[in-house]
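# Reading the structure
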Amino acid sequence: MRRFFVGFFATIGVLCLVLLVGTLAAGIWLADSFQTDEPLPKRIVLQLDFNGPIDESPLLPELAGLLDEDAPLSMIDYVDALDRAAADDRVTGLFADLSTLSLGLAQAQELRAAVFRFRSAGKTAIAFADSFESGENGPYYLASAFDRIWLQPSGLLGLTGLQLEFPYAAGLLDKLGLRAEFEQRYEYKGAAGAVTENHMPRPVRENMTRVAESLFGQVISGIATARRLGGGSVQAVIDRGPLLATESVSNGLIDSLGYREQARAMLEGESVGVGRYLDGAGGPYDAGTRIALVHLDGAIVRGDSQGLLDRDNAASGPIVAALDDVRTDPDVKALILRVSSPGGSYVASDTIRHAVERVRESGRPVIVSFADVAASGGYFAALGADHIIAHPGTLTGSIGTLGGKVSAEQLLRDWDVNIGRISIGANAGMFSPTEPFTDSQRDRLRRLLDAVYADFTARVAAARRLSADEIDALARGRVWTGEDARRVGLVDAVGGYTEAMQLARNAAGIGPDAPVERMRFPQEEEPWERLIELVRDRDFTASLRVLAGLARHAHILGERLEASGVDLNGSGARIQTRAPALVVQ
């Protein structure tokens with residue numbers, strides 16, 4: 001009886017929320033249906049306004065169809081807009097405000113390449129920032145690809161170098177009565193060291209020093225080339241940083257000092273944001289032979305996604321379902337898999353790898369494009385592809401494994417907490433956090449990790465055509481930048497979306513000038529249809545996840561309604577469309 005009432009009231013609650021959000025959606029649909037999309041102006045300045053980090057995959061694919069140009073933008077949206085604008089005679093220039101931008105080196109390289117392609121079309125690109133003081137190298141490194149860089153007179157150029165920090169808390173855990181018990185394969189696999197060590201182990205320091213040198217060397221060379229400065233002089237200036245705005249100009253790193261409107265006035269045309277531009281002009285790959293795009297974005301976990309509230313994980317279930325849809329779609333001729341993942345579950349990574357391999361075995365070429373990070377399980381999942389490409393600044397490799405637990409036995413004892421146990425089976429409590437490993441359990445863990453490591457390295461060796469000695473020199477947990485990974489044979493080429501598309505074209509036999517439709521999988525699903533389906537199936541938890549995700553972006557929906565002429569401030573819900581003859585009250 002209790003379950004009946006819980007289910008009954010949950011159903012009523014979900015239906016009320018569905019009705020509320022559905023009413024909001026209906027208002028947007030009704031308002032949009034009576035308005036004509038405003039055409040793009042004859043002279044356009046493409047405007048890039050960033051707010052924090054850039055998502056690799058679409059933030060809300062469930063809402064993309066509803067929000068259109070207001071939908072949150074992903075990396076590929078920016079790249080598409082720049083490439084489409086480069087070939088659009090209406091676009092006279094590019095203006096980017098980088099003041100609050102946060103991005104990794106590989107993402108900066110993706111956008112730098114797109115900006116250079118835009119400029120090669122004979123168009124002007126201007127970057128502005130009120131200050132480059134976030135401590136990141138990425139925003140200024142991206143700005144160096146523009147024709148001119150403007151900095152607010154009160155701003156700073158915060159280029160000071162590159163520092164990687166790794167906390168080691170074994171001493172703290174010991175004081176707390178916690179005992180970290182982890183095994184790793186092998187000495188360069190440093191993640192567990194955060195809780196098992198008090199200092200950075202020598203092999204990890206050696207590995208990460210090389211990574212830091214490679215990454216910062218790319219920043220130095222990229223800035224020096226773009227700004228027509230010597231690499232040594234750029235390094236010397238950085239060693240004197242942070243720089244005042246006037247110092248940045250005198251050292252050749254900034255072109256002009258001024259405020260945003262002054263920088264914007266250097267370009268003639270009407271400002272058009274990326275969302276509106278793509279909505280009006282279309283993307284560069286909207287029609288033609290179909291090439292699929294699937295994102296693997298986040299830590300890899302087994303099973304199904306937890307929905308809109310689980311943005312940090314890449315669940316194997318939905319990804320495999322998307323790959324199966326690609327494999328069975330007769331119109332798809334090739335697949336681009338974009339990977340942005342530090343790894344995760346070995347089983348889930350293997351599940352995705354197998355699904356990728358099945359796509360390739362179906363006769364469709366598979367091209368994997370690495371973003372900022374594609375390491376450990378993220379690298380393993382890509383092994384089923386025909387080609388792997390990475391940005392020079394991608395962090396990849398980390399071919400190794402680790403496992404273990406943190407035992408709180410001493411902490412519990414110190415606080416007079418007693419654990420009553422009933423165990424059936426010698427290893428029933430093997431992964432219990434209330435007791436340490438026994439000798440036999442630790443031995444068993446080591447055997448498991450040995451087996452996983454052997455499988456991992458054997459599959460890498462087979463996929464990359466490496467000998468046992470070669471794979472041993474590249475694995476053991478080492479992290480590589482994309483630049484070095486290309487040199488040692490872990491990836492095939494350096495590049496991003498454009499290079500992946502070219503490889504996909506070539507592999508599928510699509511001519512260089514033939515039109516292409518790049519379709520994202522899984523395909524967008526209307527959230528309202530999904531909600532109705534979930535309620536019908538009495539899946540209340542999933543229903544609430546979808547609704548919570550919609551609620552998180554209620555401000556976007558509200559702004560969209562107000563832009564369409566909806567009065568949200570009155571006591572009643574009055575919808576005034578742009579067709580004044582129709583009023584709904």
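Counting of residues starts from 1 at the beginning of each chain's written sequence and follows it residue by residue. Local features in this predicted model are restricted to residues whose pLDDT is 70 or higher, and side-chain atom pairs enter the listing and the counts only when it is 80 or higher, whereas totals over whole chains, interfaces and linings include all residues. Excluding hydrogens and water, the side-chain values take into account all heavy atoms of the structure.

It is worth spelling out the environment of serine 376 at this point. Helix numbers and strand numbers start at the N terminus; a helix is a DSSP run of H or I with at least 4 residues, a strand a run of E with at least 2. Here serine 376 shows up in the loop between strand S16 (366-375) and helix H15 (377-380). Here the term buried applies to any residue with accessible area under 20% of the maximum for its type, exposed to any over 50%, and partly exposed to those in between, with areas from a 1.4 Å probe on protein chains only. Taking the relative accessible area as the measure of exposure, serine 376 reaches 13% and is therefore buried. The spatial distance from the C-alpha of serine 376 to the C-alpha of serine 349 is 9.1 Å, given a sequence separation of 27 residues. Contacts are assigned to residue pairs with any non-hydrogen atoms lying within 4.5 Å of each other. Once residues within four sequence positions are removed from consideration, serine 376 is found in contact with Lys189, Pro342, Gly343, Gly397, Ser398, Gly400 and Phe456.

Attention shifts here to helix H20 (residues 497-508). For an α-helix, 3.6 residues make a turn, and residues three or four places apart therefore share a direction. Over its 12 residues, H20 runs 16 Å from end to end, which matches the ideal 16 Å to within 8%, given 1.5 Å per residue. Buried within H20 are the following residues: Tyr497, Ala500, Met501, Ala504 and Arg505. Projection of H20 onto a plane perpendicular to its axis shows the buried side chains occupying an angular sector of 140 degrees, all on one side. Between the first and last residue of a helix there are one fewer steps than residues, each counted as 1.5 Å, and that sum is the expected span. Here the arc refers to the set of directions running from the helix axis out to each C-beta atom.

Take helix H13 (residues 316-328) next. Over its 13 residues, H13 runs 18 Å from end to end, which matches the ideal 18 Å to within 8%, given 1.5 Å per residue. Inspection of H13 places Ser316, Ile319, Val320, Ala322, Leu323 and Val326 among the buried residues, and these make up the whole buried set. Mapping the buried residues of H13 onto a view down its axis gives an arc of 160 degrees, with all of them on the same face. Turning to H13, the residues buried within the fold contact strand S12 (289-297), strand S13 (299-301), strand S14 (313-315), strand S15 (332-341), helix H14 (346-361) and strand S22 (516-521).

Okay, the pairing of S12 next. Regular strands place side chains that alternate from one sheet face to the opposite one. Buried residues dominate S12, accounting for 8 of its 9 residues. At least two DSSP bridges between two strands are needed for those strands to be called paired. Summarising the sheet, S12 and S15 pair through 8 bridges and their orientation is parallel. Counterpart to leucine 296 in the pairing with S15 is valine 339.

A few words on the packing of aromatic side chains. Pairing of aromatic side chains here covers Phe, Tyr and the six-membered ring of Trp, requires ring centres within 6.5 Å, and sorts the geometry by plane angle: under 30 degrees stacked, over 60 edge-to-face, intermediate tilted. Enumeration according to the criterion identifies 8 aromatic pairs in this entry. Ring centres of phenylalanine 50 and tyrosine 78 lie 4.9 Å apart, and the angle between their planes is 40 degrees; on these two criteria the pair is classed as tilted. Pair noted here: phenylalanine 50 is in the loop between strand S1 (44-49) and strand S2 (52-53) and tyrosine 78 is in helix H3 (residues 75-86), with a separation of 28 residues, a long-range link. Each member of the pair, phenylalanine 50 as well as tyrosine 78, carries the same accessibility label: buried.

Another point: the pattern of salt bridges. Side chains carrying opposite charge are able to pair once their charged atoms draw close together. Any Lys or Arg side-chain nitrogen found within 4 Å of a carboxyl oxygen on Asp or Glu counts as a salt bridge. Enumeration over the complete set of coordinates arrives at 34 salt bridges. We note a salt bridge from arginine 442 to glutamate 181, for which the minimum N-O separation is 3.1 Å. Note that arginine 442 is positioned in helix H17 (residues 439-464) and glutamate 181 in strand S8 (residues 179-185), a separation of 261 residues in sequence. Both residues of the pair, arginine 442 and glutamate 181, count as buried.

With that out of the way, let us pick up the confidence of the model for the protein chain. For every residue, the predictor assigns a confidence score, pLDDT, that lies between 0 and 100. Summarising the model, the protein chain shows a mean pLDDT of 86, and 80% of its residues fall at 70 or more. Predicted confidence for residues 1-6 stays below pLDDT 50, and this span has 0 contacts to residues more than four positions away or in other chains.

Our focus in this paragraph is the sheet that holds strand S6 (residues 148-151). Here 6 strands make up an open sheet; going across it, the order is S10-S6-S5-S3-S1-S11 and the pairing parallel. Each edge of the sheet is formed by a strand with only one pairing partner; in this case those strands are strand S10 (256-257) and strand S11 (270-273). In terms of strand pairing, strand S5 (residues 124-129) meets S6 through 4 bridges, oriented parallel. The partner of alanine 129 across the bridge, within S6, is leucine 151.

Here the focus is the nonpolar core. The criterion is simple. A nonpolar core is a set of buried Ala, Val, Leu, Ile, Met, Phe, Trp, Tyr and Cys residues joined through side-chain atoms within 4.5 Å. One finds Leu46, Leu111, Phe132, Tyr140 and Tyr277 to be the most contacted residues of the largest nonpolar core, which totals 77 residues. Sorting elements by how many residues they give to this core places helix H8 (residues 202-226) first, with 9 residues. Discounting residues that sit within four places of it in the chain, leucine 111 has contacts with Phe50, Ile54, Met75, Tyr78, Val79, Leu82, Leu103 and Leu142. One finds Ala292, Ile319, Ala385 and Ala390 within the second-largest nonpolar core, a separate group that totals 47 residues.

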